[in-house]
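# Descriptive structure summary
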Amino acid sequence: MSGHTDMVLVDKKGVRIDGRKADEHRPVHIEVGVLSNADGSAYLEIGKNKVLAAVYGPRECHPRHLQDPTKAIIQCKYNMQAFSVSDRKRPGPDRRSVEISKIIAEALEKVVLTELYPRASIDVYIEILQANAGTRCAGLTAASVALADAGIPMRDIVPAIAAGKADGHVLLDLNKEEDNYGEADVPLAIVPSTDEIVLLQMDGNMTRKEFDKALDMAFGACHDLYDVQKTALKNRYAISKEDEANE
Amino acid sequence: MSEHVISEIKRDHIMNLLKEGKREDGRGVGDIRNIQITTNCIESADGSARVKLGNTEVIAGVKIIPGTPFSDTPDSGVLTMGAELIPMAHPSFESGPPGEDAIELARVVDRGIRESGMVDVKQLCITAGEEVWMCFVDMYALDYDGNLFDAANLAAVSALRTATIPGEQYSKGENRPLPVTCTPISVTSVKIGNNLILDPNFDEEMISSARLTVTTDDKGNFRAMQKGGKGSITRDELSLCLDRAVEKGKAVRKIIG
Amino acid sequence: MERRNARPTREIVVPGDLLDDSGMCAGSNAYMLDGKTYAGILGVRNVYHDTVGVIPLGGRYMPNTGDTVIGIIEDIGSSNWLVDINAPYPAPLHVNEVPWKVEFGDTSKYLGIGNVVMLKILMVDESKKIQVTMKDSGLRRVEGGQLIEMPHSKVSRVIGKGGSMIQMIKNLTDCRIFVGQNGRIWIDGDDDKADTAVEAIKLIEREAQNSNLTERVEKFIRNRLPETEDDEGEEDQ
């Protein structure tokens, strides 16, 4: 948000450096059940972001003192791999990843029926293999698919995407350049069946009008992502239907 | 409590099969699992590889950045390896800084690559005594079904073989391939009862008493070894491990081309 | 593809999918919101009379009172054993719930870590505290043979309607087989036959969603064990 560049992020025709229109998100691809040990897993690419999410549980909660006698707790670990960014990131958690882990766990808490598993823990691991702005949203989007894949009872699947502002334009799903040199970033996650907001952050500088426009874009895109999430899950479990037809 | 308990029935079954030279997944004692390698899968890295060895999966990424040489090797680049056993990969892995298993893993892979001279560090000098290329290899276990040593070795080696020195990014000349001279391959055996088997899966690894990792170079010379586990191996067993490491090393080198 | 319409289609649903908006009741793994019924888990949409619910396709085993399960001893206390039953919670087995008279502190003489036991779930309370017992007919420690694991959601296919599948496998392979509700299955018999039973069960796991499974499994076993003779086996020439 603070950087400066002479780069034109949005040209006169309203086209962005990667060729997208203002309200267009990057191509999304989701694969379900990619890991063998985890109870549920998903691999997600959105633009140049590459994210792996895995879910273990519900299982016994460690450390014990975190147990809640009335419901399961969701523990999330978001981690950027050392080679995922242009400068090598030192391995291990930093303040940023701790904060992101917390808000992702809280966003998932709203949809998971945690009350079914008192004292247990549902553990969500998000590994960022390659980062290009928007990894917290990509991570959350993948994590909620992994939760569904793990057979965890939940009300809905959570999609997440950011909108923001660069070169004075309100834009959907900022890429790295737009994020670095732009003016604002608003990551959003919702429960699509009710349009409730479960994750919202903002940094930068926006008017109320711009903010509302960004939010409208992000809401719309969340519903698009939701369809991709559902299709990916259904494809994974529908494979054997082919066999059935070929019998 | 995070220790995994293997049932007595599973243990006995594996042992009984081994008496006839058989294994649960149908392999013979000297067989390794199927290898799948995807290189250059991470554009933000200067070299990368995702490797599947059966159900064990490791990703390795290389970052090459300018830095200061060590004072005792002023004209050589620096090679650094790290491994993380992240909790995504197995229920028994916990988050936190690398423990002794992760550190041993990184050091054994490091030794094979370093001692074989795979990366020609002399060619990583930018200005002698002042600036050299520092090559960081970070490995992450993504899915653990035994034998992380060989999977991590393959991932690191494959990532290095496809790595590019990003000269242009730092205005230090043109981009060029990382100079590599050979392909060190590690082959790990474990001992269960009095049987030696190659490339153990998780269950086999859990009931094994000793482990031996042997890294060979293209000529079949030995470049690194590590014995692990609380059990012992005899001289004859060692000899068998060495023969197999040479033979399988050759086969694996053929697979990765 | 057209051939499929003869069969009732299995509709895969994911959490949040609308199951019904015509006033049906919400069955298991479904919830109501503003008069409509939605899926609360990944699975297959299931209609029974005026109720619509979801049959899960995966997920952890949750113990129910009366279930028989296969457990692995993972820790030993002075008056109980801690048993891993593949559930989100460990199951303590108290010395009063085993068929032996165990003195205080003598627990490890009877069951050690890694031992495998057949258990019954005595009770699961609201906070999901589990009590298990080994004191019921057929419950015991099992030794030898093979132990395999599969998602508990597929266990019903291994058992089959009225136990038809598992009975057929037992008859054709002469194996002793015990199916735990928690997805663990113990098989014991002659080498080749036991291996065939294991492979047959793995076949069921892989193809649990498919129909005609019993016939296919039977064919599979007969192919693997051509010498199998049983009373009603005329179809093999």
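Residues numbered from 1 in each chain as written. Chains lettered and ligands numbered in written order. Predicted model: local features only at pLDDT ≥ 70, side-chain atom pairs only at ≥ 80, totals over all residues. Heavy atoms only, no water.

## Considering the overall build of chain C
To keep it simple, the criterion reads: Each helix is a run of H or I in the DSSP string that is no shorter than four residues. Each strand is a run of E no shorter than two, and both are numbered from the N terminus. Relative accessible area decides the class of each residue, using a 1.4 Å probe on protein chains only: under 20% of the type maximum gives buried, over 50% gives exposed, and in between gives partly exposed. Working rule for contacts: check all heavy atoms of both residues, and any pair within 4.5 Å makes them a contact. Note on areas: these come from Shrake-Rupley sampling with a 1.4 Å probe, and a residue is covered only by the protein chains present in the view.
Secondary structure assignment for chain C yields 5 helices and 16 strands. With respect to the three principal axes, the spread of C-alpha positions in chain C is 65 × 60 × 20 Å. Residues counted as buried form 46% of the 237 residues belonging to chain C. By sequence separation, contacts in chain C at least 24 residues apart represent 58% of the contacts at least 6 residues apart. A total accessible area of about 11,900 Å² is found for chain C, and carbon and sulfur atoms account for 46% of it.

## As for the sheet that holds strand 3 (residues 25–26) of chain C
Residue and element names in this part refer to chain C. Operational definition: A pair of strands is treated as paired once DSSP finds two or more bridges between them.
Taken together, 4 strands build an open sheet; the order of strands is 1-6-7-3 and the sheet is mixed. In this open sheet, the two edge strands, each paired with only one partner strand, are strand 1 (12–13) and strand 3. Relative to strand 7 (residues 51–56), strand 3 runs parallel, the two sharing 2 bridges. Residue Ala 26 lies in a different strand from strand 7, and its bridge partner there is Val 52.

## Concerning the sheet that holds strand 12 (residues 222–228) of chain B
Residue and element names in this part refer to chain B. We apply this condition: Every angle, taken between N-to-C directions, lies between 0 and 180 degrees, and every axis is a line fitted to C-alpha atoms, over only the stretch in contact when it is a helix.
The sheet built from 4 strands is open, its strands ordered 10-9-11-12 with antiparallel pairing. Two strands lie at the open edges of the sheet, namely strand 10 (195–198) and strand 12, each paired on one side alone. In this sheet, neighbouring strand axes are inclined to one another by 20° on average, regardless of whether the strands run parallel or antiparallel. The pairing of strand 9 (residues 185–192) with strand 11 (residues 210–216) spans 7 bridges and is classified as antiparallel. Paired with Lys 191 across the strands is Ala 210, a residue of strand 11. Strands in contact with helix 3 (residues 148–161) are strand 9 and strand 11; relative to strand 9, the strand with the most contacts, it is inclined by about 175°.

## Brief notes about the side chain of Asn 49 of chain A
Residue and element names in this part refer to chain A. So the rule is basically this: In the analysis that follows, any N or O atom pair within 3.5 Å is treated as a polar contact, provided that within protein one partner can donate a hydrogen and the other can accept it, and provided that, for residues neighboring in sequence, both atoms belong to side chains.
For Asn 49, the location among the structural elements is in strand 3 (residues 49–60). In terms of polar contacts, Asn 49 uses its side chain to reach the backbone carbonyl oxygen of Ala 133, at 2.8 Å. Those residues within four positions of Asn 49 in sequence are excluded, and the remaining contacts are Arg 26, Leu 44, Gln 130, Ala 131, Asn 132, Ala 133, Gly 134 and Thr 135.

## Some points on the environment of Asp 192 of chain C
Locating Asp 192 of chain C in the fold gives a position in helix 4 (residues 191–206). The exposure class assigned to Asp 192 of chain C is exposed, which follows from its relative accessible area of 56%.

## Observations concerning the domain arrangement of chain C
All names here are of chain C. Short version of the rule: Domain delimitation in this document rests on an assignment produced automatically or drawn from a domain database. By buried area we mean the combined loss of accessible area, with a 1.4 Å probe, across both parts when two parts are placed together. For this document, the term salt bridge refers to a Lys or Arg side-chain nitrogen within 4 Å of an Asp or Glu carboxyl oxygen. The residue classification treats Ala, Val, Leu, Ile, Met, Phe, Trp, Tyr, Cys and Pro as nonpolar and Asp, Glu, Lys and Arg as charged. All others, Gly included, are polar.
Domain assignment breaks chain C into domain 1 (4–56), domain 2 (68–133) and domain 3 (146–224). Between domain 1 and domain 3, the C-alpha centre-to-centre distance is 29 Å. Listed by partner, the interface residues are 4 residues for domain 1 and 5 residues for domain 3. Regarding the contact of domain 1 and domain 3, the summed buried area is about 280 Å², with carbon and sulfur atoms giving 35% of it. Where domain 1 touches domain 3, the interface holds 0 salt bridges. Counting every contact that joins domain 1 to domain 3 gives 0 residue pairs in polar contact (both at pLDDT 80 or more). Here the side of domain 1 that touches domain 3 is built from residues that sort into 2 nonpolar, no polar and 2 charged.

## Focus: the interface of chain C and chain B
Counting from both sides, the interface comprises 17 residues of chain C and, opposite them, 9 residues of chain B. Roughly 1,000 Å² is buried in total at the junction of chain C and chain B, and carbon and sulfur atoms are behind 58% of that figure. Linking chain C to chain B there are 1 salt bridge. The residue Glu 8 of chain B makes a salt bridge to Arg 141 of chain C at a minimum N-O spacing of 2.8 Å. Listing elements by their share of the side of chain C that touches chain B, those giving two or more residues are strand 8 (68–76), strand 13 (141–142) and strand 14 (146–149) of chain C. Of all the elements, strand 8 of chain C adds the most residues to the side of chain C that touches chain B, at 4 residues.

## Quick word on the nonpolar core
Where we set the bar: The definition of a nonpolar core used throughout is a set of buried Ala, Val, Leu, Ile, Met, Phe, Trp, Tyr and Cys residues joined through side-chain atoms within 4.5 Å.
One finds Val 124, Ile 126, Leu 140 and Leu 147 of chain A together with Ile 85, Leu 93 and Leu 119 of chain C to be the most contacted residues of the largest nonpolar core, which totals 97 residues. The two domains that each donate at least three residues to this core are domain 1 (4–56) and domain 2 (68–133) of chain C. Counting residues in each nonpolar core, the second largest holds 62 residues, with Ala 49, Ala 60, Val 157 and Val 252 of chain B among its members.

## Considering the interface of chain A and chain C
You'll often see interface size given as the accessible area lost when the parts meet. Contacts between the two partners involve 36 residues from chain A, matched on the other side by 34 residues from chain C. For the pair chain A and chain C, the two sides together bury roughly 3,000 Å², of which 52% comes from carbon and sulfur. Run the count over chain A and chain C and you get 3 salt bridges. Between Lys 234 of chain A and Asp 17 of chain C there is a salt bridge whose closest N-O contact spans 2.8 Å. Going through the elements one at a time, strand 3, helix 2 (135–149) and helix 4 (208–246) of chain A are the ones with two or more residues in the side of chain A that touches chain C.

## Points about the environment of Ala 138 of chain A
Residue and element names in this part refer to chain A. Counting through the fold element by element, Ala 138 comes out in helix 2. Residue classification places Ala 138 among the buried residues on the basis of a relative accessible area of 4%. Separated by 93 residues in sequence, Ala 138 and Glu 45 have C-alpha atoms that sit 7.7 Å apart. With residues up to four places along the chain from it excluded, the contact list for Ala 138 reads Leu 44, Ile 46 and Val 51.

## Thoughts on empty space enclosed by the protein
All names here are of chain B. Stated formally: Using a 1 Å grid laid over the protein atoms alone, points where a 1.4 Å probe fits but cannot get out form a cavity; open sets with protein on both sides within 12 Å along at least 5 of 7 lines form a pocket; any residue with an atom within 4 Å of a point counts as lining. Grid points are joined across faces, edges and corners, and a volume is the space filled by probe spheres set on the points.
Per the stated rule, a full pass over the model turns up 4 cavities of 30 Å³ or more. Estimated volume of the largest cavity: approximately 70 Å³. What lines the largest cavity is simply Ile 32, Ile 35, Leu 53, Asp 150, Leu 154, Ile 185, Ser 186, Val 187, Asp 199 and Val 252. Elements represented by at least two residues in the lining of the largest cavity include exactly helix 3 and strand 9. Counting residues per element, the lining of the largest cavity draws most heavily on strand 9, which supplies 3 residues.

## Quick notes on unusual backbone geometry
All names here are of chain A. The omega angle of the peptide bond from Gly 57 to Pro 58 is 0°, so this bond is cis rather than trans. Notably, Asp 167 is not glycine yet its phi reads approximately 50°, a positive angle. With respect to the helices and strands, the residue Asp 167 is situated in the loop between strand 6 (160–166) and strand 7 (169–172).

## Concerning helix 5 (residues 213–224) of chain C
Residues and elements named next belong to chain C. The line we're drawing: One fewer than the residue count of a helix, multiplied by 1.5 Å, yields its expected span. To obtain the arc, one takes the directions from the helix axis to the C-beta atoms.
Its 12 residues place the ends of helix 5 16 Å apart at the C-alpha level, agreeing with the 16 Å of an ideal helix rising 1.5 Å per residue. Inspection of helix 5 places Leu 213, Val 217, Ile 221 and Arg 222 among the buried residues, and these make up the whole buried set. Seen end-on, helix 5 carries its buried residues on one side only, within an arc spanning 165°. Exposed residues pointing more than 90 degrees away from the buried face of helix 5 are listed as Glu 215, Lys 219 and Asn 223. Of the surrounding secondary structure, the elements contacted by the buried residues of helix 5 are helix 2 (155–159), helix 3 (164–173) and helix 4.

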